[in-house]
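# Structural characterization, general
Here is how the chains run, residue by residue.
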Amino acid sequence: MRLSPTAALRHSGNLFAMALDVVRTLPRRPFQAREFIQQAWFVASVTILPTALVSIPFGAVIALQIGSLTRQLGAQSFSGAASVLAVLREASPIVTALLIAGAGGTAICADLGARKIRDEIDAMQVLGIDPIHRLVVPRVLASMVVAVLLNGLVSVVGVAGGYFFNVVLQNGTPGAYLASFTTLAQLSDLWAAEIKALVFGAIAAIVASYKGLTAQGGPKGVGDAVNQSVVITFMLLFVTNFVMTAVYFQVVPQRG
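What comes next concerns the included structure. Everything numeric in this text was worked out from a predicted model, so none of it was measured.

Along the chain, the position of V46 falls in helix α2 (residues 33-73). Along the backbone, V46 and I100 are 54 residues apart, and their C-alpha atoms lie at a distance of 9.0 Å. Once residues lying within four places of it in the same chain are set aside, the contact partners of V46 are A103 and G104.

The structure is reproduced here in structure tokens:
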């Protein structure tokens, strides 16, 4: 397949235009409540168990690394504070975003791609039904809501896993680990993580919807669109996470 030198710019512009269309269509009535509930339940059902299972090793690795580092520095009393800060601020929204994009986003892209190659999207447009309002907006909102809820789940499971591995495997002190929770972390860190999860969920759903609605070439084209949506989403998530983290450090004063 021959690629145009301007294809990347064209697809980037179309993706951004679709994101603006989603924002513009959000307040339009009637709201697709049934579709939203079905998509939220579906995304939650395919992501909640993998997210819980993935968050355990994430918390364990963070706890083991930080526990080893604090022991070398003679600051074991701060291992709990550092672990909670790492899980709450960075690990939980990243894990949530990866699972939303890898599980929920692929399902969204495959569903819309199958509709596209069966000409259902074109038929909706002929009937005067806006696919963005009818199909994309409920999926974007569902991914955002589920991402926020899953972020809380990852935070709890990650902190609990970090506590277990630090206390049981590294012979840490339970009282010191729990007492240092609020030494470095603060409430604004939790709000920042929830906002990150909200934005990450929107990005994953928008990219998946765009690739699904532009799928071509039959079933093979749908499979290619699913793969591309995952790769593009991961790249955008890491760039967005860097920008949001840099802005957060500039706006919110950190505890010393």
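For the structure shown, the criterion picks out two aromatic pairs. Between F31 and F36 the ring centres are 5.9 Å apart and the planes differ by 50°, which places this aromatic pair in the tilted class. Of the residues examined, F31 reaches a relative accessible area of 35% and is grouped as partly exposed.

Moving on to the pattern of salt bridges. Applying the stated criterion to the full structure yields ten salt bridges. With a closest N to O distance of 3.9 Å, E120 and R115 form a salt bridge. Residue classification places R115 among the partly exposed residues on the basis of a relative accessible area of 21%. Bridged by salt links that share partners, the residues E35, D111, R115, R118, E120, R134 and R139 form one connected network.

Rules behind the numbers
Residues numbered from 1 in each chain as written. Predicted model: local features only at pLDDT ≥ 70, side-chain atom pairs only at ≥ 80, totals over all residues. Heavy atoms only, no water. Helix = DSSP H or I, 4+ residues; strand = E, 2+ residues; numbered from the N terminus. Contact = heavy atoms within 4.5 Å. Phe/Tyr/Trp six-rings, centres within 6.5 Å; stacked < 30°, edge-to-face > 60°. Buried < 20%, exposed > 50% of the residue type's maximum accessible area, 1.4 Å probe, protein only. Salt bridge = Lys/Arg side-chain N within 4 Å of Asp/Glu carboxyl O.

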